[in-house]
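Structure at a glance
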2 protein chains.
Amino acid sequence: MKKKRLKAIFFDVDDTLYSSSEFSAMARLNSVKAMISNGLRVELKECLLILKEIMKENKSNNKFLFDDLLKKVGKKYYSSVNKHVLIAAAVVAYHNTKNSFLKPYPDVKEVLKLLSETMPLVLGVLSSGFAVKQAEKIYRCGLHRYLSPNAIFFSETIGKDKPNLDFFRLPCAKLNLLPQETIYVGDRPKIDIEPAKAIGMVAILNQRSGKYLGQRSNVKPDFIIHDFWELLEILNRHFEILPLSEAT
Amino acid sequence: MKKKRLKAIFFDVDDTLYSSSEFSAMARLNSVKAMISNGLRVELKECLLILKEIMKENKSNNKFLFDDLLKKVGKKYYSSVNKHVLIAAAVVAYHNTKNSFLKPYPDVKEVLKLLSETMPLVLGVLSSGFAVKQAEKIYRCGLHRYLSPNAIFFSETIGKDKPNLDFFRLPCAKLNLLPQETIYVGDRPKIDIEPAKAIGMVAILNQRSGKYLGQRSNVKPDFIIHDFWELLEILNRHFEILPLSEAT
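Each chain carries its own residue numbering, running from 1 in the direction its sequence is written. All chains are assigned letters beginning at A, and all ligands numbers beginning at 1, according to the order in which they are written. Under the rules for a predicted model, residues below a pLDDT of 70 receive no local features and side-chain atom pairs below 80 are neither given nor counted, while totals for whole chains, interfaces and linings still include all residues. Computation of side-chain values covers all heavy atoms of the structure but excludes hydrogens and water.

Superposition of the copies was done by least squares, using only C-alpha atoms of residues whose pLDDT is at least 70 in both. With an RMSD of 0.0 Å, the operation that places chain B on chain A is a rotation of 180 degrees combined with a shift of 0.0 Å along the axis. Taken together, the rotation and translation relating the two chain copies correspond to the operation of a two-fold axis. The contact definition used throughout considers only heavy atoms, calling two residues in contact when any of these lie within 4.5 Å. A high fraction, 100%, of the interface residues of chain B reappear at the interface in chain A, so the copies pair face to face through one surface.

The structure is reproduced here in structure tokens:
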């Protein structure tokens, strides 16, 4: 079988390069612990259940998560402490968790390092979210050094978001790449795999962590991986890697 | 001379409880260092001068400070690195500076501890700014434990800001205090001292750090202090301290 020509790989960020869901759970745990040790008189378990409930109700905005938690439990459970100080304690604990727990999957770091040193591939990021917030995750993970600086794209700056096909098309165009010469690696069948395949990218489902782990879709990914060593094997077996300069 | 009756002291936060100006300078320094070590090819000194210029032009909004810095220096000075990663490096360094440099003046901590243990005074905060952001400073300074939880007020939640007289009036009313029974300690003659005196509070000018150190005003503060040991001496010499419960 003739190998497919490949020039670039774009990675999703959350639950692809690092376990966003594990990090968030740990950050919430530390935040709630800080609130309790600063005077919130509610059991840890109870608090985490309430947070889960809030997040289910209000998927899009976590900015007021701890505020909402206090609203739900009621003033009498934190009567001896100032509400804003309590929220500040949670926020500080949340941010400090970034320093200790925002790390890439170990194999992600090893494989990206190896790829960047041995193959002429463009390694990029193509992710939903605010540019600096998403870039902070890449930076904290230490992965920026393996990526091509001009191949890092976020919905905020593209002006389109998943699953809009232009979200995938525009970065390819900007780098003078045909979608067929690129791979997209993401964890969400419906908004990563379906649109990436629709424009002709090779779509790889990263099946490892996060709430979309069991999501079904009618569109099959080209490959499924559970760690980045499997990605490396797929590259070696199925693709002919070409440097970008040969594209034009 | 008959001593004045006193029931509460309200403190400003920035450049009163901690050196906001020193902290910010240190945070900016660390941020710029992080940008340079991540690929920004501009001298440290030059970067700091540009930041100063940006802050002078655009006093109110520091949210895009590093973004604006990159705009001013121009793309060719960071061509080898992604812009958002560079800003993220600055943001991470800025936040990490909080852990090491956001500390109260040592005498502030000692005197507030002493006051909270020995006097029936209500110790509160009355500050401009967003509630959680200002509360974070108090919390990081570890001063929340010496303050009365219901005497912590921020312009965001009061609904009025300095120098509006209601900013000073409403917290007094909420605690059932006459302004004459309270002290306000702040660093800005025009928006701390003038309005506080106007409603009858005892106004103490904290003359120690920050850009308003040399500001003149026609209204004289009741006292000037350079550290909180001087505040303690003023309390002992000029005031009869009464518990709040005797107010009503």
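Turning our eyes to something else, we now look at empty space enclosed by the protein. Method remark: on a 1 Å grid restricted to protein atoms, a set of points is classed as a cavity if a 1.4 Å probe fits but cannot get out and as a pocket if it is open with protein on both sides within 12 Å along at least five of seven lines; lining residues have an atom within 4 Å of a point. Grid points are joined across faces, edges and corners, and a volume is the space filled by probe spheres set on the points. Using the criterion set out here, one finds one cavity of 30 Å³ or more in the structure. For the largest cavity, the calculated volume is near 70 Å³. A run of H or I in DSSP counts as a helix once it spans at least four residues, and a run of E counts as a strand once it spans at least two, with each numbered from the N terminus. Counting residues per element, the ones that place at least two in the lining of the largest cavity are helix 4 (83-101) of chain A together with helix 4 (83-101) and helix 6 (131-140) of chain B. Among the elements that line the lining of the largest cavity, the one with the most residues is helix 4 of chain B, at four residues. When grouped by side-chain class, the residues that make up the lining of the largest cavity number no nonpolar, six polar and four charged. As a working rule, the residues Ala, Val, Leu, Ile, Met, Phe, Trp, Tyr, Cys and Pro are called nonpolar, Asp, Glu, Lys and Arg charged, and the rest polar, with Gly in that last group.

This paragraph deals with the pairing of strand 6 (residues 202-206) of chain A. Residue and element names in this part refer to chain A. Type-normalised accessible area, obtained with a 1.4 Å probe on protein chains alone, sets the label of each residue: buried when under 20%, exposed when over 50%, and partly exposed for intermediate values. The buried fraction of strand 6 is high, at five of five residues. Side chains V202, I204 and N206 project from strand 6 onto one buried face, and the interleaved A203 and L205 project onto a second face that is buried too. Taken together, the four bridges between strand 5 (residues 182-186) and strand 6 define a ladder with parallel strand orientation. Following the sheet pairing, V185 is matched in strand 6 by I204. The path from the first strand over the helix to the second decides the hand: if it runs clockwise while the strands point away from the viewer, the crossover is right-handed. In the classification by handedness, the crossover that spans strand 5, the intervening helix 9 (residues 189-198) and the parallel strand 6 is right-handed. Strands were regarded as paired on the criterion that DSSP finds at least two bridges between them.

Attention now moves to the domain arrangement of chain A. Residues and elements named next belong to chain A. When cut into domains, chain A gives domain 1 (4-18 + 103-247) and domain 2 (21-101). On a C-alpha basis, the centres of domain 1 and domain 2 stand 33 Å from each other. For the pair domain 1 and domain 2, the summed buried area comes to about 540 Å², and 37% of that belongs to carbon and sulfur atoms. Among the residues of domain 1 in contact with domain 2, Y18, K103 and R140 are the three that bury the most area, contributing 66% of the side total. Any Lys or Arg side-chain nitrogen located within 4 Å of an Asp or Glu carboxyl oxygen qualifies as a salt bridge. At the boundary of domain 1 and domain 2, one finds one salt bridge. The residue K98 makes a salt bridge to E136 at a minimum N-O spacing of 3.2 Å. When the residues that make up the side of domain 1 that touches domain 2 are grouped by side-chain class, the tally is one nonpolar, two polar and four charged. These domain boundaries are the output of an automatic or database domain assignment. Buried area is understood as the total, over both parts, of accessible area removed when two parts are fitted together, assessed with a 1.4 Å probe.

Attention now goes to the interface of chain B and chain A. Between chain B and chain A, the residue contacts involve 24 residues of the former and 24 residues of the latter. Taken together, both faces of the contact between chain B and chain A bury some 2200 Å²; the carbon and sulfur share is 69%. Counting of polar contacts relies on pairs of N or O atoms within 3.5 Å, with two restrictions inside protein: one atom must be capable of donating a hydrogen and the other of accepting it, and residues adjacent in sequence are counted only when both atoms are side-chain atoms. For the pair chain B and chain A, the number of links is eight residue pairs in polar contact (both at pLDDT 80 or more). Of all the secondary-structure elements, those providing two or more residues to the side of chain B that touches chain A are helix 4, helix 6 and strand 4 (152-154) of chain B. By residue number, the principal contributor to the side of chain B that touches chain A is helix 4 of chain B, which donates nine residues. Residue composition of the side of chain B that touches chain A, by class: 14 nonpolar, eight polar and two charged.

Here the focus is helix 4 of chain B. Given a helix with a known number of residues, its expected span is that number minus one, times 1.5 Å. Between its terminal C-alpha atoms helix 4 of chain B stretches 27 Å, which fits the 27 Å expected from 19 residues at 1.5 Å a residue. Within helix 4 of chain B, the full set of buried residues consists of H84, V85, L86, I87, A88, A89, A90, V91, V92, A93, T97 and K98 of chain B. Where the residues of helix 4 of chain B are buried, they touch helix 6 (131-140), strand 4 (152-154) and helix 7 (155-158) of chain A together with helix 1 (20-37), helix 3 (65-73) and helix 6 of chain B.

Residue and element names in this part refer to chain B. The six strands are arranged 4-3-2-5-6-7 in an open sheet whose pairing can be described as parallel. Edge positions in the open sheet fall to strand 4 and strand 7 (223-225), since each of these has one partner strand only. On average, each strand axis in the sheet is tilted by 20 degrees relative to the strand beside it, whichever way the strands run. In the sheet, strand 3 (residues 122-127) pairs with strand 4 via three bridges, with the strands oriented parallel. The residue bridging L126 from the neighbouring strand is F153, located in strand 4. Only the contacting stretch of a helix is used when fitting its axis, a line to C-alpha atoms as for every element, and angles between N-to-C directions run 0 to 180 degrees. This element, helix 6, spans strand 3 and strand 4 of the sheet and lies at about 135 degrees to strand 4. The sheet contacts of helix 8 (residues 165-174) involve strand 2 (8-11), strand 3, strand 4 and strand 5 (182-186), and relative to strand 3 the element is tilted by about 150 degrees.

Attention now moves to the pattern of salt bridges. All names here are of chain A. Counted by the stated rule, this structure contains 31 salt bridges over all chains. Linking R237 and E233 is a salt bridge whose minimum nitrogen-to-oxygen distance equals 2.9 Å. With R237 and E233 both in helix 10 (residues 228-238) and four residues apart, the pair spans about one turn of that helix. Overall, the relative accessible area of 55% leaves R237 in the exposed class. Among the ionic contacts, a cluster of salt bridges with common partners joins D12, K162 and D192.

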